[in-house]
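Fold and geometry: a report
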Amino acid sequence: MAAASCTDVEASWCRQSLISRYGPVEVTQNAKATLNPLGEAAWLFQIVCDRFESCLQFCDYLVCKRGPELDTILESVLTFHMSESLIWLSGVTWDNNNHTDRLLVEAISETYDVVYVDSPHRCHWAGWLRGKPPAVEQVLPRVLRLRVPAPPLATKPVGRAVARALQLWTLRRGLPAGTIASAVVVASPVTRFPPGLRCRRILYLTDDWVAGAPLMGLSSRWVRRVLAANAREADALAAVSPALLGMLSSFGAKGMPAEVVPNGAPPPYLPPHGSESVAFFVGNLNERIDLAYLEAVVDVGVKLRVVGPCVSRDPTFRRRLKSLLKRSGVEWVGHVVPSKQVAQELASVRVGLLPYATTPFNQGSFPMKIMDYLAAGLPVVSTDLDASRW
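Residues numbered from 1 in each chain as written. Predicted model: local features only at pLDDT ≥ 70, side-chain atom pairs only at ≥ 80, totals over all residues. Heavy atoms only, no water.

Scanning the protein from N- to C-terminus turns up 14 helices and 13 strands. Burial status across the protein gives 48% buried among its 390 residues. For the protein, restricting intrachain contacts to residue pairs at least 6 apart in sequence, the fraction spanning at least 24 positions comes to 70%. Split by element, the accessible area of the protein, about 19,300 Å² in all, is 56% carbon and sulfur. (Helix = DSSP H or I, 4+ residues; strand = E, 2+ residues; numbered from the N terminus. Buried < 20%, exposed > 50% of the residue type's maximum accessible area, 1.4 Å probe, protein only. Contact = heavy atoms within 4.5 Å. Areas by Shrake-Rupley, 256 points an atom, 1.4 Å probe, with all protein chains shown as cover.)

Structure below.
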């Protein structure tokens, strides 16, 4: 193959062509250098990598403009330097066990690279200033986790703006060099789609965030405003239940691709081997639960085992829960436990409970614990929720 070089004239032509098609680009010092074919391709990649939606589009463009003789070199450079990743902006942190976002990302990572961005949290400052672990962590071979710190008063107007800036900076800085976003998924009640990403935008609802805003300590008006903006900007919609997907129509999200993507069943757990009649509940203990059902279980003499932290904001609920957990026959593990321990607990009990109150928030949800119970071979006793009837 004949040697090729990048002259000042050619560099100027390339820059002007790119500006006319994709807007201003930042030209590096290499623009005035004479490069071999490999260096030329690497330079062109460097100034336009954030302007193309896929490696293939970039390759086709350069081959068309620079001549077919560079085809082989360009493909080798792009294969080495560029990778496409799905960006997942979550409403929860990766450490929460068995939540919808994590399980779905784990499944997707069997085929695609994923950058998982945690929701902002005040405990995520460690290593963040340096951009080092634990702020940046390879949690799975194909999943890169980015922790986002939260400022004080992150749910207040000024704090929201700061949290938004921290999240965008974390994402921009944390993306590996040469990474191109193939799609971005927003699965958070308070996160807007990042500006400047030329890729497919997917809004994924895991709960009725507007109805559940008080439980999360958020403003319902703020959540509704963010959700409406994301619905308008999205290229596709997804939700864990038909009710949630239908709710998006009230935000003007019509005429675009929309799918129900329900929670999936985890792998089968240990076979049940419990010899005692123990009823079991796992999950956060808050106002979503109708305590009357758990109290009735204990009243008839059935042992009750509860696994999960108390995250209630209502003093009355907390007092009533505390009284229940102190009763004879009630065993409480008051913290989040690893998935393997949950599997062991499920194998040692007789029935799984889903004592959720029949509120709009709960009716729109698809609790993961239903799938956990069924995967463990347990019968499930649930309140009358839409998800329980599927």
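Scanning the entire structure with this criterion turns up 13 salt bridges. Note that Arg-147 and Glu-137 form a salt bridge whose closest N and O atoms lie 3.0 Å from each other. Of this pair, Arg-147 sits in the loop between β4 (143-146) and α6 (157-174) while Glu-137 is found in strand β3 (residues 136-140), placing the two residues 10 residues apart along the sequence. Residue Arg-305 is joined to Glu-345 by a salt bridge in which the shortest nitrogen-to-oxygen separation is 3.1 Å. Pair noted here: Arg-305 is in strand β10 (residues 303-307) and Glu-345 is in helix α12 (residues 339-347), with a separation of 40 residues, a long-range link. Accessibility classification places Arg-305 together with Glu-345 in one group, the buried group. Connected through salt bridges with shared partners, the residues Asp-95, Asp-118, Glu-137, Arg-145 and Arg-147 form a single ionic network. (Salt bridge = Lys/Arg side-chain N within 4 Å of Asp/Glu carboxyl O.)

Next up on the list: the sheet that holds strand β13 (residues 380-382). Ordered in space as β11-β10-β9-β12-β13, the 5 strands form an open sheet in which the pairing is parallel. The sheet is open, and its two edges are formed by β11 (330-333) and β13, each paired on a single side. Geometrically, the sheet is characterised by an average inter-axis angle of 25° between neighbouring strands, direction not taken into account. Here β10 runs beside β11; their pairing, made up of 4 bridges, is parallel. By the bridge assignment for β11, Arg-305 is matched with Glu-331. (Pairing = 2+ DSSP bridges. Axes fitted to C-alpha atoms, helices over the stretch in contact; angles between N-to-C directions.)

Further remarks concern the confidence of the model for the protein. In this model, the protein carries a mean pLDDT of 80, and residues with pLDDT of at least 70 account for 76%. Across residues 17-43 the pLDDT falls below 50, and counting only partners more than four positions away or on other chains, this stretch makes 56 contacts in the model. Overall, residues 47-56 carries pLDDT values under 50, and its contacts beyond four positions in sequence, including any with other chains, amount to 27 contacts. (pLDDT = per-residue confidence, 0-100.)

Time to look at the packing of helix α10 (residues 291-299) against helix α11 (residues 315-325). Where α10 meets α11, the axes come as close as 11 Å, and the angle between the chain directions of the two elements is 15°. Here α11 runs roughly parallel to α10, going by the angle between their axes. Crossing angle aside, the handedness with which α10 passes α11 is left-handed. From α10, Leu-291, Ala-292, Leu-294, Glu-295 and Val-298 reach across to α11, where they touch Phe-317, Arg-320, Leu-321 and Leu-324. Considered class by class, the residues forming the contact of α10 with α11 number 7 nonpolar, no polar and 2 charged. (Parallel < 35°, antiparallel > 145°, perpendicular 65-115°, else oblique. Left-handed = near helix turned anticlockwise from the far one by under 90°. Nonpolar A, V, L, I, M, F, W, Y, C, P; charged D, E, K, R; others polar.)

Moving on to unusual backbone geometry. Generally, phi is negative for residues other than glycine and the peptide bonds are trans, each holding for most cases. Put simply, Pro-133 and Pro-134 share a cis peptide bond, and its omega is 5°. In this structure, Leu-153 takes a positive phi of about 55° despite not being glycine. Residue placement: Leu-153 occurs in the loop between β4 and α6.

With that settled, consider the side chain of Thr-383. On the secondary structure map, Thr-383 appears in the segment after β13. Judged by its relative accessible area of 8%, Thr-383 falls in the buried class. A polar atom in the side chain of Thr-383 sits 2.6 Å from the backbone oxygen of Tyr-356. With near-sequence residues (within four places) excluded, Thr-383 lies in contact with Tyr-293, Leu-354, Pro-355, Tyr-356 and Ser-388. (Polar contact = N/O pair within 3.5 Å; in protein donor to acceptor, adjacent residues only side chain to side chain.)

Formed by 85 residues in total, the largest nonpolar core has its most connected members in Trp-88, Leu-203, Leu-205 and Leu-227. When residues no more than four places from it in sequence are discounted, the contact partners of Trp-88 are Asp-101, Leu-104, Val-105, Ile-108, Val-114, Val-115, Tyr-116, Val-117, Val-185, Ala-187 and Tyr-204. (Core = buried A, V, L, I, M, F, W, Y, C linked by side-chain atoms within 4.5 Å.)

Here we come to α12. Regarding α12, the residues found buried are Val-342, Ala-343, Glu-345, Leu-346 and Ala-347. If you follow the buried residues of α12, they end up packed against β9 (278-282), β10 and α14 (368-375).

Let's shift gears to helix α8 (residues 220-233). An α-helix turns once every 3.6 residues. As a result, residues three or four positions apart point the same way. The terminal C-alpha atoms of α8 lie 20 Å apart, and with 14 residues this matches the ideal 20 Å at 1.5 Å per residue to within 8%. Within α8, the full set of buried residues consists of Trp-222, Val-223, Val-226, Leu-227, Ala-228, Ala-229, Asn-230 and Ala-231. Looking at the packing, one finds that the buried side of α8 touches α6, β5 (179-187), β6 (200-205), α7 (209-212) and α9 (242-247). (Expected span 1.5 Å × (residues − 1).)

This part takes up the packing of aromatic side chains. A complete count under the given rule lists 3 aromatic pairs for this structure. Look at Trp-94 and Tyr-116: their rings are 5.0 Å apart centre to centre, the planes differ by 75°, and that puts the pair in the edge-to-face class. With Trp-94 in the loop between β1 (83-90) and α5 (100-108) and Tyr-116 in strand β2 (residues 113-117), this pair connects stretches of sequence that are 22 residues apart. Like Tyr-116, Trp-94 is buried. (Phe/Tyr/Trp six-rings, centres within 6.5 Å; stacked < 30°, edge-to-face > 60°.)

Looking down a regular strand, the side chains alternate between one sheet face and the other. Among the 5 residues that make up β2, 4 are buried, leaving the element largely enclosed by the rest of the structure. Note that β2 and β4 share 4 bridges and pair parallel. From the neighbouring strand, Val-115 faces β4, where its bridge partner is Leu-144.

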